[in-house]
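Listed below, chain by chain, are the residues.
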Amino acid sequence: MGYKGFDFENPAAIYAEHVRLTAKTNIDISGLSYEILKQHKTVQWPYKKKSQTQGTPRLFTDRKFYTQSQKAIIYPVADTLTSELPDANFPFILTTGRIRDQWHTMSKTGKVNKLNQHYPQSFPEIHPDDAEKLNISEGDVTVITSKRGTVQVKAKLSTQIKQGVVFLPMHWGKILGNDLNRANNLTNDKVDPVSKEPDFKFCAVNVAKFKKPFQRIVVIGAGAGSYGFVKSYRELNKDDQITIFSKENYPFYNRVMLPDYISGEQQWEQLVKMKDEEEPEYKINLLRGISIERIDRVNKYVLDSVGIKTPYDILLIATGSRAAVPRNVPALPGIFTMRNRNDADSFKKHVPAGGHVVIVGGGLLGLEMAASLREIGIKITIIQRTSRFLNRQLDALGSQLLHEEMADQGCDIYYDDEIQLFYGRSKLTGIGLKSGRKINCDAMILAIGTTPNFELAKECGLECRRGVIVNERLQTSDPDVYAIGEIAEFNGTLYGITAAAEQQAQVVAAYMNGDIASYYKGSLFMNIIKIHGFDLCSIGLPECPDDINYEEVVFTDKAKRYYKNALSTRIGW
């Protein structure tokens, strides 16, 4: 393991230390080595001499025991059950125990990701007939109480458990300071008077479905995170009031598919995640075209652009981001960002058939836009400030293959360059590059990144750095205010991807509905570029950090532009 005292060279050295610990005890195996074990497979202990072959005879076959009289002492079992019995208030019997992949209180095994995949959370195992009477379904949060305390965990239904009995694993302790997963909250402190064995296997409990108090929830924003929250929340809770403020008149659409909408590959209806006819099913108050001007955390209300105050019990900020625009860019028709439908519709009206568009930025949006516009015959020039595409997502060879694909699609590409001049009075007619080159064009799209919209959060006094600081529950410095998506800064990281926003939304919805084991651990960076006829996916690290801790496995056929690069860590081998 590399730590002092644990720096064993091999398994034989570990076993040798164990052997030394048994010397002069009742289980003395000081004569047993790793080599003997490998040779004989099994031996009988004690094993004091190396000259032995199969060890000593089985213990106690001579009917001599480790007592003063050398006789076995058998204690009679009490005639009556002394454990705590069920009654009208606590009608179920609780039994505790271990599950397959855990054997401590998760102090060791809980750190192994593969072992956590079996049962990632604590659970009460309940017979389906008992669950039906209690109106409990698979995955519902349940509240289990005894005379000593409470546990709050998601139900697992199984016919393997006897009716009237509930099983709860004993491995889980506190989660982020909350101990509502601990079996010991419920068990009693009775012990057998002779053996001192604790009575953890039998106590009386009550089981009920978790019911949270009614709350008024206000959501600011109607993007991917907001939609993910509403969808997840309504699967768990049909009663709470949800009010959503959408700055746009077109809420809940797939923003990353705007290039396909512009090219005509997809109609607008295909981008919309929540259709108008589906909206009543979610029981939401959706306010379109209305933005929030101010958040009053003291009196717990938001003030909107119409001047109306809306009170809240819980506030969720999901305001997303806006396109980054350099200061020197003039407000000239023909210069576009691509963040919403208005941008897309204005662009479609402005650019003539067969026109020329300059795209600034060789990131995901810029390249997808370039590919979509090439499909409808638009001439494309890409200006990339650095020396290659997607340098944060791809290694050098991956970037080179992507360059070849974009060039084959008919794009003109200029690396290590940037725009310095803009030509045109009533509209953009051309641009001038730092290298001195002038390019005539009909329009320009800025795709150089985004800026989080966290001004509202900052103005109301929430802790902010590059974004709004959130904890594992996605709570801000105010526990009644949550933040998700592109504005949420978790452990110093802003996850600007849709998958992260959706994962964060699920965590918030589950936690607010009693699932205290639901918390955010961060998201895996995954980027997929949507270019027809060219599949590209980047997950995790783009390049091998070093040859000592990582192994790089590469499959490549440059002629076919087939390239796979997989990194695996050597740590834990």
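Everything below is about the structure printed above this text.
To start, this report covers the structure provided alongside it. No experiment lies behind these values; they were computed from the predicted model shown.

## Details of the overall build of the chain
Next up, step 1: Regarding its fold elements, the chain presents 12 helices and 32 strands.
Next up, step 2: In terms of overall size, the chain is more extended than a compact globule, its C-alpha atoms giving a radius of gyration of 32 Å where 573 residues would be expected to give roughly 25 Å.
Next up, step 3: Seen along its three principal axes, the alpha-carbon backbone of the chain occupies a region of about 110 × 65 × 40 Å.
Next up, step 4: For the chain, the proportion of its 573 residues judged to be buried stands at 43%.
Next up, step 5: Summarising the internal contacts of the chain: among those between residues at least 6 apart in sequence, 59% fall at separations of at least 24.
Next up, step 6: Total accessible area on the chain is roughly 31900 Å²; 50% of this is exposed by carbon and sulfur atoms.
Next up, step 7: The averaged location of the 67 negative side-chain charges in the chain is 5 Å from the averaged location of its 72 positive side-chain charges.

## Some points on the packing of aromatic side chains
Next up, step 1: Taken as a whole and assessed by the stated rule, the structure comprises 15 aromatic pairs.
Next up, step 2: A centroid spacing of 6.2 Å and a plane angle of 50° characterise the contact between Tyr15 and Tyr34, whose relative ring orientation is tilted. Taken as a pair, Tyr15 in helix α1 (residues 11-21) and Tyr34 in helix α2 (residues 34-40) lie far apart in primary sequence, 19 residues in all.
Next up, step 3: A relative accessible area of 18% places Tyr15 in the buried class.
Next up, step 4: Among the aromatic side chains, those forming a connected cluster through ring pairs are Tyr250, Tyr253, Tyr261 and Trp268.
Next up, step 5: Directly above the ring of Tyr250 sits Arg341, whose terminal nitrogen or CZ lies 4.4 Å from the centroid.
Next up, step 6: A cation over a ring is seen here: Arg341 above Trp268, with NZ or CZ 4.6 Å from the ring centre.

## A few points about the layout of surface pockets
If you roll a probe as big as a water molecule over the atoms, it shows you where there is empty space left.
Next up, step 1: Of the pockets and cavities examined, the second largest pocket occupies roughly 750 Å³.
Next up, step 2: Forming the boundary of the second largest pocket are 29 residues, of which Pro120, Gln121, Ala517, Tyr519 and Lys521 lie nearest the centre.
Next up, step 3: Listing elements by their share of the lining of the second largest pocket, those giving two or more residues are α3 (113-116) and α12 (498-512).
Next up, step 4: Among the elements that line the lining of the second largest pocket, the one with the most residues is α12, at 4 residues.

## Structural notes on the state of the cysteines
Next up, step 1: For the coordinates displayed, the defined rule picks out 0 disulfides.
Next up, step 2: No disulfide involves Cys411; its sulfur sits 15 Å from the nearest other cysteine sulfur, which is in Cys441.

## Some words on the side chain of Thr381
Next up, step 1: Examined against the element boundaries, Thr381 turns out to sit in strand β18 (residues 379-383).
Next up, step 2: Of the residues examined, Thr381 reaches a relative accessible area of 1% and is grouped as buried.
Next up, step 3: At a separation of 2.8 Å, a polar atom in the side chain of Thr381 contacts the side chain of His356.
Next up, step 4: Once residues lying within four places of it in the same chain are set aside, the contact partners of Thr381 are His356, Val357, Val358, Ile359, Asp412, Tyr414 and Ile439.

## A short note on unusual backbone geometry
Next up, step 1: Even without being a glycine, Arg63 presents a positive backbone phi close to 60°.
Next up, step 2: Given a relative accessible area of 71%, Arg63 falls into the exposed group.
Next up, step 3: Of note, Asp416 is a non-glycine position whose phi angle comes to about 50°, a positive value.
Next up, step 4: On the accessibility criterion, Asp416 (55% relative accessible area) is exposed.

## Some thoughts on a nonpolar patch on the surface
Next up, step 1: A grouping of Leu524, Met526, Ile528 and Ile539 is seen on the molecular surface, where their side chains present a nonpolar patch of about 370 Å² in accessible area.
Next up, step 2: Looking at the element boundaries, Ile528 is found in strand β29 (residues 526-531).
Next up, step 3: Ile528 gets classed as partly exposed once you look at its relative accessible area, which sits at 46%.

## Section: the sheet that holds strand β17 (residues 356-360)
Next up, step 1: Sheet architecture is open: 5 strands sit in the order β16-β23-β17-β18-β19, paired in parallel fashion. At either end of the open sheet lies a strand with only one pairing partner, and these are β16 (335-336) and β19 (412-414).
Next up, step 2: When β17 meets β18, the two strands line up parallel, connected through 5 bridges. When the sheet's bridge partners are listed, His356 is paired in β18 with Lys379.

## Topic: the pairing of β17
Next up, step 1: β17 sits mainly inside the fold: 5 of its 5 residues count as buried.
Next up, step 2: Side chains of β17 alternate between two faces, with His356, Val358 and Val360 and Val357 and Ile359 buried alike.

## What about the pairing of strand β1 (residues 92-97)?
Next up, step 1: Of all 6 residues making up β1, 5 are buried, and the element is well covered by its neighbours.
Next up, step 2: Sheet analysis places β1 next to strand β7 (residues 203-209), joined by 3 bridges and oriented antiparallel. In the strand pairing of β7, Leu94 is matched with Cys203.
Next up, step 3: Across 5 bridges, the pairing between β1 and strand β6 (residues 165-169) is parallel. What sits directly across from Thr95, in β6, is Phe167.

## Considerations on the packing of helix α5 (residues 224-236) against α12
Next up, step 1: Between α5 and α12, the least distance of the axes is 8 Å, while the angle of their chain directions is 35°. Seen from above, α5 lies across α12 with right-handed handedness. Within the contact between the two elements, α5 uses Ala224, Gly225, Gly228, Phe229, Ser232, Tyr233 and Leu236 and α12 uses Thr498, Ala501, Glu502, Ala505, Gln506, Val508, Ala509, Ala510 and Met512.
Next up, step 2: When grouped by side-chain class, the residues that make up the contact of α5 with α12 number 10 nonpolar, 5 polar and 1 charged.

## Overview of the environment of Asn185
Next up, step 1: If you trace the backbone, Asn185 turns up in the loop between β6 and β7.
Next up, step 2: For Asn185, a relative accessible area of 11% corresponds to the buried category.
Next up, step 3: It is 29 Å that separates the C-alpha atoms of Asn185 and Tyr233, two residues lying 48 residues apart in sequence.
Next up, step 4: In this structure Asn185 touches Ser146, Arg148, Gly149, Thr150, Val151, Asp179 and Leu180, once residues within four positions along its chain are discounted.
Next up, step 5: For Asn185, the side chain forms a polar contact with the main-chain oxygen of Thr150, separated by 3.0 Å.
Next up, step 6: Engagement of the side chain of Asn185 in a polar contact is seen with the backbone oxygen of Asp179, the distance being 2.9 Å.

About the cut-offs
Residues numbered from 1 in each chain as written. Predicted model: local features only at pLDDT ≥ 70, side-chain atom pairs only at ≥ 80, totals over all residues. Heavy atoms only, no water. Helix = DSSP H or I, 4+ residues; strand = E, 2+ residues; numbered from the N terminus. Rg over C-alpha atoms; globule rule 2.2 N^0.38 Å. Buried < 20%, exposed > 50% of the residue type's maximum accessible area, 1.4 Å probe, protein only. Contact = heavy atoms within 4.5 Å. Areas by Shrake-Rupley, 256 points an atom, 1.4 Å probe, with all protein chains shown as cover. Lys, Arg positive; Asp, Glu negative; His and termini not counted. Charge placed at Lys NZ, Arg CZ, Asp CG, Glu CD. Phe/Tyr/Trp six-rings, centres within 6.5 Å; stacked < 30°, edge-to-face > 60°. Lys NZ or Arg CZ within 6 Å of the ring centre and 35° of its normal. 1 Å grid on protein atoms, 1.4 Å probe; cavity = no way out; pocket = protein on both sides within 12 Å on 5 of 7 lines; lining within 4 Å. Points joined across faces, edges and corners; volume = space filled by probe spheres on them. Disulfide = S-S within 2.5 Å. Polar contact = N/O pair within 3.5 Å; in protein donor to acceptor, adjacent residues only side chain to side chain. Patch = residues over 30% accessible without salt bridge, like charges linked within 9 Å, V, L, I, M, F, W, Y side chains within 5 Å. Salt bridge = Lys/Arg side-chain N within 4 Å of Asp/Glu carboxyl O. Pairing = 2+ DSSP bridges. Axes fitted to C-alpha atoms, helices over the stretch in contact; angles between N-to-C directions. Left-handed = near helix turned anticlockwise from the far one by under 90°. Nonpolar A, V, L, I, M, F, W, Y, C, P; charged D, E, K, R; others polar.

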